[in-house]
Amino acid sequence: MPYRPNRRPTTQSEITPGRRGRRAGLCVALLTGSMATLLAVGVVGPASAAVTTQVRVTTAVLDLDHPARAAQVRGKDVPYDTASIVKVDILSALLVQAQDAGRGLTKQERTLAEAMIEHSDNDAANALWREIGLAPGLEAVNKRLGLSSTVGGAGGLWGLTRTTVSDQIRLLSAVFADGGTSSARGSGLTTASQGYIRTLMTRIAAGQSWGVSAASDTGAGWALKNGWLERSTTGLWDINSVGRVTSGTHHYLVAVLSDGNATMAGGIAAVESAARAAVTSARATG
């Protein structure tokens, strides 16, 4: 499928996810059947009044029109939990594995992939996570794509995959940089696979289209995937957003990872502010 700029505006009224989106923010909750287990791993649940925290936000920006330049990182480039942004990585792994097998995705795989990216559907992510071989399968493909600091979540807990902004820029580069692998058995994504992921990332459900899209100065030309996760032991939120935006005459890959947010809405506002500041800084360098 060809890449199409997304022209749906991003507004603050869109911060509340729909039914599937709410499930995406609580990804681990759907992967276990015991509330005791959920509380033990610290994923969903009420806040503790005694907990104090500090919001952490790290950004990275790469100018696609000057890809030889290093990505600009703001904040500490340390690992964060991915929540649902890992779904782009899951789809990339699925596509590379299919390329290795000399085949395209099946109709069922496409249905699952589209639900997983466009609506952040967790049932679809569960199925594809198992199909790629869980964390070992993800990490094997990530090594080929140049990711060096991403560790897959244990067992079925894909939402607890750990990553850095630098690795997310490497993953986005594998998706959005021109010149995908020409051979179906090459180390990276083919141009057809790149185009498929790009297209899905422009079709994000309206209630989930916040995040790095705020850095697009025209409100168009973005492609993204967001992740949101409330932690049981603190009630605090991990809020992440990764994607491609157009600002001025340039195109930028942007990754924003955050944790320690008191609310989902506050986390979204922090992520969007950080994305705008990071892209403004990148633009200032020319």
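Look up: the structure comes first, before these words.
Computed from a predicted model, the values in this text were never measured in an experiment.

1. Here we look at the overall build of the chain
- Across its full length, the chain carries 9 helices and 7 strands.
- The burial tally for the chain puts 55% of its 286 residues in the buried class.
- Put simply, the chain shows about 11200 Å² of open surface, and 55% of that area lies on carbon and sulfur atoms.

2. Focus on helix α6 (residues 134-145)
- For α6, built from 12 residues, the straight-helix expectation of 16 Å at 1.5 Å per residue is met to within 8% by its first-to-last C-alpha distance of 17 Å.
- Those residues of α6 that sit buried are Ala-135, Gly-137, Leu-138, Val-141, Asn-142 and Leu-145. Seen from one end, α6 has its buried residues packed into an arc of 160°, which puts them on one side. Those residues of α6 that are exposed and aimed more than 90 degrees away from the buried face are Pro-136 and Lys-143.
- Buried residues belonging to α6 abut α3 (86-100), α5 (122-132) and α7 (165-176).

3. A look at the pairing of strand β5 (residues 223-230)
- Counting buried residues in β5 gives 7 out of 8 residues, a clear majority hidden from the surface.
- Pairing of β5 with strand β6 (residues 237-247) involves 8 bridges; the strand directions are antiparallel. Along β6, the bridge assignment pairs Glu-230 with Trp-237.
- Counted between consecutive antiparallel strands, the loop separating β5 from β6 contains 6 residues, among which Gly-235 sits at a positive phi close to 75°.

4. Some remarks on the pattern of salt bridges
- What the rule picks out here adds up to 9 salt bridges.
- The shortest N-O distance in the salt bridge between Arg-231 and Asp-81 comes to 2.6 Å. Taken together, the residues span a long stretch of sequence, with Arg-231 in the loop between β5 and β6 and Asp-81 in strand β3 (residues 80-81) at a distance of 150 residues. Like Arg-231, the residue Asp-81 is buried in the burial classification.
- Between Arg-103 and Glu-109 there is a salt bridge, with the nearest N and O atoms lying 2.9 Å from each other.
- Looking at Arg-103, the relative accessible area reads 37%, which means it is partly exposed.
- For Glu-109, a relative accessible area of 5% puts it in the buried group.

5. Considering the layout of surface pockets
- Its boundaries defined by the atoms lining it, the second largest pocket holds a volume of some 180 Å³.
- Every residue lining the second largest pocket is counted, 10 residues in all, and those nearest its centre are Leu-64, Phe-176, Ala-177, Asp-178 and Arg-244.
- Its residues assigned to classes, the lining of the second largest pocket shows 5 nonpolar, 1 polar and 4 charged.

6. Re the packing of α7 against helix α8 (residues 191-201)
- Here α7 crosses α8 at 110°, and the two axes come no closer than 8 Å. Taken together, the axes of α7 and α8 lie roughly perpendicular to each other. Counted together, Leu-172, Ser-173, Ala-174, Val-175 and Phe-176 of α7 and Gln-194, Ile-197, Arg-198 and Met-201 of α8 form the full contact between these two elements.
- Considering only residue class, the contact of α7 with α8 consists of 6 nonpolar, 2 polar and 1 charged.

7. Some remarks on the nonpolar core
- Counting residues in each nonpolar core, the largest one holds 70 residues, and the members touching the most others are Ile-90, Leu-91 and Val-254.
- Per-element tally for this core: the top contributor is α3, with 9 residues.
- Setting aside anything within four residues of it in sequence, one finds Ile-90 in contact with Met-116, Leu-128, Trp-129, Ile-132, Leu-138 and Trp-158.

8. Comments concerning the environment of Ala-124
- Tracing the backbone through its elements, the reader meets Ala-124 in helix α5.
- Classification of Ala-124 by relative accessible area gives buried; the value is 2%.
- Excluding anything up to four places from it in sequence, Ala-124 contacts Leu-112, Ala-115 and Met-116.

9. Considerations on the packing of aromatic side chains
- For the structure on display, the rule yields 1 aromatic pair.
- The cationic tip of Arg-56 hangs over the ring face of Tyr-80; the distance from NZ or CZ to the ring centre is 4.4 Å.
- Above the ring of Tyr-196, the side-chain terminus of Arg-110 is found at 4.5 Å from the ring centroid.

10. Some words on the sheet that holds β6
- If you trace the 5 strands from one edge of the open sheet to the other, you get β2-β1-β7-β6-β5, paired in antiparallel fashion. Looking at the sheet topology across the chains shown, the edges are occupied by β2 (72-74) and β5. Sheet twist, expressed as the average angle between the axes of neighbouring strands with direction ignored, equals 10°.
- Bridging between strand β1 (residues 56-63) and strand β7 (residues 250-261) involves 8 bridges; their strand directions are antiparallel. Paired with Leu-62 across the strands is Leu-253, a residue of β7.
- Together, β1, β2, β5, β6 and β7 form the strand contacts of α7, whose direction differs from that of β7 by roughly 145°.

About the cut-offs
- Sequence order as written defines the numbering, with residues in each chain counted from 1.
- Side-chain atom pairs in this predicted model are given and counted only at pLDDT of 80 or more, local residue features only at pLDDT of at least 70, and totals for whole chains, interfaces and linings cover all residues.
- Working from all heavy atoms in the structure, the side-chain values ignore hydrogens and water.
- Counting from the N terminus, the helices are DSSP H or I runs at least four residues long and the strands are E runs at least two residues long.
- Think of it in three bands: residues with accessible area under 20% of the maximum for their type are buried, residues over 50% are exposed, and the middle band is partly exposed, with areas taken using a 1.4 Å probe on protein chains only.
- Method for areas: the Shrake-Rupley scheme with a 1.4 Å probe, in which residue coverage is limited to the protein chains shown.
- One fewer than the residue count of a helix, multiplied by 1.5 Å, yields its expected span.
- Of all possible arcs, the one meant is that of the directions from the helix axis to the C-beta atoms.
- In this description, contact between two residues means that some pair of their heavy atoms is separated by no more than 4.5 Å.
- Two strands qualify as a pair provided that DSSP identifies no fewer than 2 bridges between them.
- Should a side-chain nitrogen of Lys or Arg be within 4 Å of a carboxyl oxygen of Asp or Glu, the pair is scored as a salt bridge.
- Grid points spaced at 1 Å and placed over the protein atoms alone form the basis of the search, with a cavity being a set where a 1.4 Å probe fits but cannot get out and a pocket an open set showing protein on both sides within 12 Å along at least five of seven lines. Lining residues have an atom within 4 Å of a point.
- Grid points are joined across faces, edges and corners, and a volume is the space filled by probe spheres set on the points.
- Polar here means any residue other than Ala, Val, Leu, Ile, Met, Phe, Trp, Tyr, Cys and Pro, which are nonpolar, and Asp, Glu, Lys and Arg, which are charged; Gly is therefore polar.
- In this analysis, axes come from line fits to C-alpha atoms, helices being fitted only over the stretch in contact, and the angle between any two N-to-C directions falls in the range 0 to 180 degrees.
- Orientation categories follow fixed angle ranges, with anything under 35 degrees roughly parallel, anything over 145 roughly antiparallel, 65 to 115 roughly perpendicular, and all other angles oblique.
- Put simply, buried Ala, Val, Leu, Ile, Met, Phe, Trp, Tyr and Cys residues joined by side-chain atoms within 4.5 Å make one nonpolar core.
- By convention, a stacked pair of Phe, Tyr or Trp rings (six-membered ring in the case of Trp) has centres within 6.5 Å and planes under 30 degrees apart, an edge-to-face pair has planes over 60 apart, and any other such pair is tilted.
- Lysine and arginine charges are scored as sitting over a ring when NZ or CZ, respectively, is within 6 Å of the ring centre and within 35 degrees of the ring normal.

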